[in-house]
Structure formats: C-alpha cells, structure tokens
Amino acid sequence: MHLRSSRRIRGAKSNGGRGPRAATDREATTSRGRGPRTAILTDAPPPAPPFDAPPFDAPRSGARSGAHPTAPRPGSHPAGTELLAQLPTDEVPIVTRHVGPVEAFRRFWPLTQGDRRWLVLVIMCAILSALAETVTILIFAQLTDQALAKGSVSAFWHPAGIWLGVAVFGAVVGYLGNSVAAWTAERFLLRLRARVFTHLQTLPPHFFQRNRRGDLLERLTGDVDAIEHLVVTGMVTACAAVFSTLFYGAAALWLRWELALATFVAAPIFFAATRRFTNRLREVSRRQRAADGALTSVVEETLVNVVLTQAYNRQHDEEQRLGRAARRWLRASVASARLNALYTQLIEVLETLCVLAIIGLGAWEISAGRMSLGELLAFAAFIGYLYPPIRSLGQLGLTATAATAAGDRLLEVLDARPAVTDPEPARTTPFPQRAHGEVAAQDVTFRYPSSPHHNAVNALSFTAHPGQFLVVTGPSGAGKSTLAALLLRFYDPDAGTVRLDGIPVDRLPLADLRRNVTLLPQETLVLHDTIEQNIACGREDPAPTHEEVVQAARAADAHSFVAALPDGYDTVIAPATAALSGGQLQRIAIARAMLRDAPVLILDEPTTGLDTLAAQRILGPLHRLAAGRTTVVITHDLDLAATADHILVLDDGDLVESGTHTELLLRAGLYAQLFEGKK
Ligand SMILES: Nc1ncnc2c1ncn2[C@@H]1O[C@H](COP(=O)(O)OP(=O)(O)OP(=O)(O)O)[C@@H](O)[C@H]1O
C-alpha cells in the first residue's frame, strides 16, 4: 500500500503491527528553530515546541550572543566588589501576562500578509494529497478483491497503473505543498523576528535592565519559532487534518456506513483526552520557555564576563550557576516530555482498541457474507488513516497551548511602549539640517519608572551656548548620566523642558535630534567589523571615503597605532575581544564622532577605566573633537573640569553649584571638596 512519506516523532514507537495503521505515527518531526517545518502535508502536526526541545539547546543562542556591543572592554572594569555585585542572578523570568491561543493567533496572523495566496496553495496541495491517498486505498481494495483474492495477474495491471499514476500525482503535490509551506513558514519567521527586533530597538534603557539579554535572545529565537508553529504550520496542519478527516471519513462511510459510525464514536474520546492535558501543558510550557531564557542568559553573561570570571576565580561559581539553570531547564523539559509521552501512549491504546473493534466487527461481517476481504482491509486502512488527522486536530490544541506561552513572552516585548516617540506631525517643529548647538534645560525633573519616589534629577536649569565646553560633575549617583539621557531624549522629563536651539526636544523628530547630538558613552561601542568600518559608521550619508576615515583617525590620534597593525584599517575587531587597549578603543570612538560631526557632543566619563597616561593621551583628541561644538562632559575627572567654560555640580539630583573652576574653588563648597579629594 502506498503510504505517504513520513517522519517519525522523536521517541514515537511503532504500533506493534496493529494492522494497516502500522504507519500511523506520522507526526512530523521538527527541531525547534533548526529542523525544516515541511511536514505540513502529513497527517499529524509538528509537535509543540516543548515536546521536542533538544537537550541543552539554549547555549546555541547563548553562544550567538557572546559578542555584545555593550560588552566591557578590557581594562575598563570598575572596582572588583562593585563588579561582583553587578554579576547577574540566575532567576527565571516569569511573564505575568497571559493570552489565549485565539488572541495569540489574532495578534500574529497579520504577519502572514503577502503570503496568504501561498498558504492557499499549500492547503490546496494538502487537499489534493488527501484525495490521492483516498483514491489509492480504494484501488487497493479493488486489487485485493479482483487480483489477490482470485489469483488473477491480468486483473492486476490496470488498477496497478492507476495506483502508480495517482501515487506520482500525490507525490508531486506533496512535494510542492511541503516546499511552499516551508518557504512560507520561514518567511513568517523572518518577518516576526524582524518585527520583534525592530521594536526592541525602540525600547528604553530600563527595559533592558529589567530583562536579561539571554532571555531576550531566547524570545527572538525559540519563542518566535513557537509562534510560527501556531500561526503558519498550525493553521495549514489544521486545514490538512480537517480535509483528510472528511475524505477518509466519507470513504469509510461509503464503504460500510454502519461500521464507520460505530468507529466514529471513538472521536470524542480523543478530544476529551486532549483537553485533559491542555492546562497542565500550558503551565509546563511556560516554565520551559522561561527556563530556556534563563539558561541562555547564564551562558551569555558568563561569556561576556569571562575576564572577570577568570580574574576572580569564579569559574566554579559560574559552573554552579549554569548547573542550577540547566537543572531548572531539565525539570521543565522532562515534565513536558512526560506529558507528551503520556498523551501519545494513551492515544495509542485508544487507537488499538478501535482497530481491534473494527477487525472483530469486520470478521463478523465477512463471515455473514456482507463484506469482502478487500473491503475490510480498505475500511481498516481508512479508519487507520482517519485517526492521525483526528489526533492531529487534538494535538493542535496542545501545540497552540504551548505556543501561547511563547506568545505571552513575545507580546510582552511587543506591547512594551517606547519611553519616547516622534512627535505628532502637528506638534513637530521643522528643524534645520544642522543645529547651532544651544542646549538648555529648564526646571527639569525626572524620576525613573522603576524608582517613582526618588528624583534622579530635580528642577535642573542651565544653558550651554553654541561652542561652549560644559562639565557636569558631582558624587556618584548625583544624576549626571541621567542628564545625558535626557539631553538625548532617551526619556522625557516628568516636569520642565529640554531644548535644542530653543526648540523643546520632544517637538523634534528623534532622528533629527540624534543626528545633531553625538553621545560618547562610557563603554565604547565596537562593531564586529574592520577598524575602517568601526570609524566610518559614524556617518552614513554621505558614506565617508577612506581618506576621510584616515583624517578622522589622525585627528583622534588613532592613525599611528592603526597603521602599525598588520592589517591596518582592515583589522577586524569585535566586542569584548577587540585586541586594542581601552585608550585605543576610546580614540577609535573619538574618530567616529569626528566623522559624525554633530554640533553637540556629550561625553560620559571619557577617561573612566583609563590609566593616567592613557587618560592624558586622549585629552588632545578630545579637545580637538570639542572645538567648535557645544560639549557636555560628564566626569569625575576634574583635570577636564579645569579647562571648562562652565561647570555644573550635581548632588543627589540637585544642581548645587555652578561657575568656572576658579569661581567654584573660591566658593569652597562641594566642588572644592571634590577637587581637594582628588589631590
Ligand atoms: N535605570 C534606572 N532605574 C532606576 N534608577 C536609576 C536608573 N539609573 C540610575 N538610577 C538612579 O538615578 C540616580 C542618578 O543616577 P545616575 O546614573 O544619573 O548618576 P551618576 O551621577 O551618573 O552616577 P555615577 O557617577 O556613579 O555614574 C541614582 O540614584 C541612581 O540610582
């Protein structure tokens, strides 16, 4: 008998020769995020992601994430105890929002836009494939009665030819359907991942402080896959299963309706069995998705902090941390595998009971002369073929349930609102291509969403005129970096206004604002690319020439060490592994900012993590960079403050002093104390 090609679910066992349905375990096996999603035209759906999560899958994405743009650069570690406190915990992130399968489907279905005609083609192929299968079984009955039972070779050729023709047709539509289904599913995945990724990039810094990187990576990989299983593969599988059920059921009814009705009685039992598993599975799936994310996080964080780990002999602690996360993942995976196994075995027992009942009834019918052997075999084949799509429909419920756990996690990201957005067109103020560079804050008060009772910045007012060199200093936690975040509009103040050239920044398109304000953060941003590209990325339009890159590198005192490298500007550097010193990386960042050529510059602790010599070395490039621009330098380094046009001294969010270096020393206040402490 022709049976369509099948891929067996991992761990599924044979049905022990229970008649024609010996090949009923035709569930498609897809490996989460790796295997093809092509078994849509088989009878059973791909298993829910928790059912086939490969052991120790998470490090896969963890390894990918090892290179992170904010990885600490060598030599830039703060004091050890502070860093040890920064080491992440291995808590499991549990998402609090819950959506049902229908809501999850509704939210993600729009992403199939543009591919729906292909989905229709896949469904058509599934219908034709089921139809071809039905025809071959009927021909099989004819062959059994007319050729096999009568021992007639001449009666063999005609039906055999038709069978072969139908089988080839079935194979062609099966191949076409599976290929298009895989293509459509992968395109959906690409779109969904891009959508989540694009949205992630708009989210405010505190979102990334609240959510671990590894967990976010897992959402972009495993969770995105799980949603695809629900929306594309799941939907197509459901259609294929419905039509298969209709065709095989109709054929069975046509052959022997009384017998068919007797066996259909079993269908509700399958649904009842499935329903009993749904709630439990949802909980287990949620735990498993979260454990996946936690495991990825631990691996990712360990890789990013590998220098610290080695320096503090923390290898053992990190192994224990990984072990704890891995055990949590293992418990969740085993629970999910057990549920799956229990469900599969239960269904197999039910199927065996049904097949035995048919054979018993069939034997009785044959003995009474009401049925031929060929009809009985064909009937048993239809019933055997009928259960997998029914089971498939039931299991789809489980797949959907498991996918909603992933949907919860993705929707939590997609529903997180950016802290700032572009102004409405009616509120947008037209802005010249290049600002003059006047930066002002007026009565600005801000508190972080996560600490609503403490003002990080309190009623702060100041003005920096175009070309001025302004230093912002003060003790740790005074609000200096917060001020930088407000000037770049990572957040909007709770009260007061930040202005660029007199225009409130929340009236400027974000792209315009950030084109005019360059930030040099504490951690140098390193792209996994050549040094040339790491400098050139400062300006996109027009893209800088090699000569302009070299010119910027010369102005940043970077040219000599770059030219001395064996591959010069073509040397590839990567985050965390850049074979350059902290000072050299800082000079690359200065060259990048030179190319960007924005009228306003914000430097956040430009000399932090550098030794005295390296810090001295970048002062020249920094001053060249600052020349002709409004420059706001956030620093504890009061050597820089001495050369400032104006100094703001913050303490616990308040502006407590302002003036020039000399004025502030004469005042003998906090600035003088800080300066004395430095000596
Ligand atoms: N993401 C955040 N969520 C909640 N509170 C924050 C966050 N970032 C900073 N804070 C708090 O806001 C206040 C100001 O922090 P900020 O980082 O601006 O200080 P700072 O002067 O730059 O400190 P440092 O010199 O140590 O870098 C501090 O009390 C800090 O704990």
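Residues numbered from 1 in each chain as written. Predicted model: local features only at pLDDT ≥ 70, side-chain atom pairs only at ≥ 80, totals over all residues.

Quick notes on the overall build of the chain
Then comes step 1: Regarding its fold elements, the chain presents 22 helices and twelve strands.
Then comes step 2: The long-range fraction of contacts in the chain, counting pairs at least 24 apart against all pairs at least 6 apart in sequence, stands at 80%. (Helix = DSSP H or I, 4+ residues; strand = E, 2+ residues; numbered from the N terminus. Contact = placed C-beta atoms within 7 Å.)

Examining the packing of helix α11 (residues 315-367) against helix α12 (residues 373-414)
When two helices pack together, their arrangement is given by the angle between the helix axes and the distance between those axes.
Then comes step 1: Following both chains from N to C, one finds α11 and α12 inclined at 160°, their axes separated by 10 Å at the closest point. Considered as vectors, α11 and α12 are oriented roughly antiparallel to each other. Taken as a pair, α11 and α12 cross one another with a handedness that is right-handed. Contact residues: Ile347, Glu351, Cys354, Val355, Ile358, Ile359, Gly362 and Ile366 in α11; Leu373, Leu376, Phe379, Ala380, Ile383, Gly384, Tyr387 and Arg391 in α12. (Axes fitted to C-alpha atoms, helices over the stretch in contact; angles between N-to-C directions. Parallel < 35°, antiparallel > 145°, perpendicular 65-115°, else oblique. Left-handed = near helix turned anticlockwise from the far one by under 90°.)

Re unusual backbone geometry
Then comes step 1: Despite not being glycine, Glu605 shows a phi value in the positive range, around 45°.
Then comes step 2: By the secondary structure assignment, Glu605 is in the loop between β9 (600-604) and α19 (612-626).
Then comes step 3: The phi angle at Asp652 is positive, at roughly 50°, despite the residue not being glycine.
Then comes step 4: Take Asp652: it is sitting in the loop between β11 (646-651) and β12 (654-659).

Regarding the UniProt feature "transmembrane region" (unreviewed entry) in the chain
Then comes step 1: According to UniProt, the "transmembrane region" (unreviewed entry) feature falls on residues 118-141, 161-185, 229-248, 254-273 and 341-364.
Then comes step 2: For residues 118-141, helix accounts for 100% and strand for 0%, while the C-alpha atoms at its two ends are 35 Å apart.
Then comes step 3: Counting secondary structure, residues 341-364 comes out at 100% helix and 0% strand; the distance between its end C-alpha atoms is 35 Å. (UniProt positions renumbered as here; feature names shortened; annotations may be inferred.)

Concerning the environment of Pro493
Then comes step 1: Mapped onto the fold, Pro493 is located in the loop between α13 (480-487) and β4 (495-500).
Then comes step 2: Owing to 21 C-beta atoms within 10 Å, Pro493 belongs among the buried residues under this scheme.
Then comes step 3: Note: C-alpha distance between Pro493 and Tyr448 (45 residues apart in sequence) is 9.5 Å.
Then comes step 4: What Pro493 contacts, discounting residues up to four positions off in sequence, is Val444, Thr445, Phe446, Leu486 and Val498. (Buried ≥ 20, exposed ≤ 12 C-beta atoms within 10 Å, placed from the backbone.)

Things to note about the sheet that holds β4
Then comes step 1: Read from one edge to the other, the open sheet built from four strands follows the order β2-β1-β4-β5, with strand pairing classed as antiparallel. Single-partner strands in this sheet number two, and they are β2 (457-464) and β5 (503-504).
Then comes step 2: With five bridges joining them, strand β1 (residues 439-446) and β2 adopt antiparallel strand pairing. When the sheet's bridge partners are listed, Val439 is paired in β2 with Ala464. (Pairing = 2+ DSSP bridges.)

A closer look at the environment of Phe140
Then comes step 1: Locating Phe140 in the fold gives a position in helix α4 (residues 116-148).
Then comes step 2: Judged by C-beta crowding, with 20 C-beta atoms within 10 Å, Phe140 ranks as buried.
Then comes step 3: On a C-alpha basis, the gap between Phe140 and Ala160 in space is 8.6 Å, while along the polypeptide they are 20 residues apart.

Some words on α12
Then comes step 1: With 42 residues, α12 ought to run about 62 Å at 1.5 Å a step, and its terminal C-alpha atoms sit 59 Å apart, in line with that.
Then comes step 2: A bend of about 25° at Gly394 is the largest found in α12. (Expected span 1.5 Å × (residues − 1). Bend = angle between axes of the 7 residues up to and from the residue.)

Considering helix α18 (residues 582-596)
Then comes step 1: Taking 1.5 Å as the rise per residue, α18 with 15 residues should run 21 Å; its terminal C-alpha atoms sit 21 Å apart, in good agreement.
Then comes step 2: Within two residues after α18, Asp597 carries a phi angle of roughly 55°, on the positive side.

Side note on the sheet that holds strand β3 (residues 469-473)
Then comes step 1: Taken in spatial order, the six strands make up an open sheet running β6-β9-β10-β3-β11-β12, and their pairing is mixed. Pairing within the sheet leaves two strands with one partner each, and these edge strands are β6 (517-520) and β12. Neighbour to neighbour, the strand axes of the sheet diverge by 15° on average, direction disregarded.
Then comes step 2: Pairing geometry for β3 and strand β10 (residues 630-634), over four bridges, is parallel. Across the sheet, residue Leu470 finds its bridge partner in β10, namely Val632.

Quick look at the nonpolar core
Then comes step 1: Within the largest apolar cluster, 86 residues are counted, with the highest numbers of intra-cluster contacts made by Ile227, Ala252, Ala378, Phe379, Phe382 and Ile383.
Then comes step 2: Contributions of two or more residues to this core are made by α3 (101-108), α4, α5 (154-200), α7 (213-255), α8 (257-264), α9 (267-304), α11 and α12.
Then comes step 3: Tallying contributions element by element places α12 first for this core, with 23 residues.
Then comes step 4: Ala478, Ile573, Leu595 and Ala598 belong to the second-largest nonpolar core, a separate cluster that totals 73 residues. (Core = buried A, V, L, I, M, F, W, Y, C linked by C-beta atoms within 7 Å.)

Overview of the site of the ligand
Then comes step 1: Taken together, 14 residues are adjacent to the ligand, and Tyr448, Ala456, Ser476, Ser481 and Thr482 come closest.
Then comes step 2: Contributing elements (two or more residues each) for the shell around the ligand: α6 (205-210) and α13.
Then comes step 3: The element best represented in the shell around the ligand is α13, accounting for three residues. (Near = placed C-beta within 6 Å.)

Comments concerning the packing of helix α16 (residues 546-555) against α18
Then comes step 1: Contact geometry for α16 and α18: axes closest at 8 Å, N-to-C directions at 125°. In terms of orientation, α16 lies oblique with respect to α18. α16 and α18 meet at a crossing whose hand is right-handed. Facing α16, whose interface residues are Glu548, Ala552, Ala553 and Ala555, α18 presents Ala591, Met594 and Leu595.
Then comes step 2: Grouping the amino acids of the contact of α16 with α18 by side-chain chemistry returns six nonpolar, no polar and one charged. (Nonpolar A, V, L, I, M, F, W, Y, C, P; charged D, E, K, R; others polar.)

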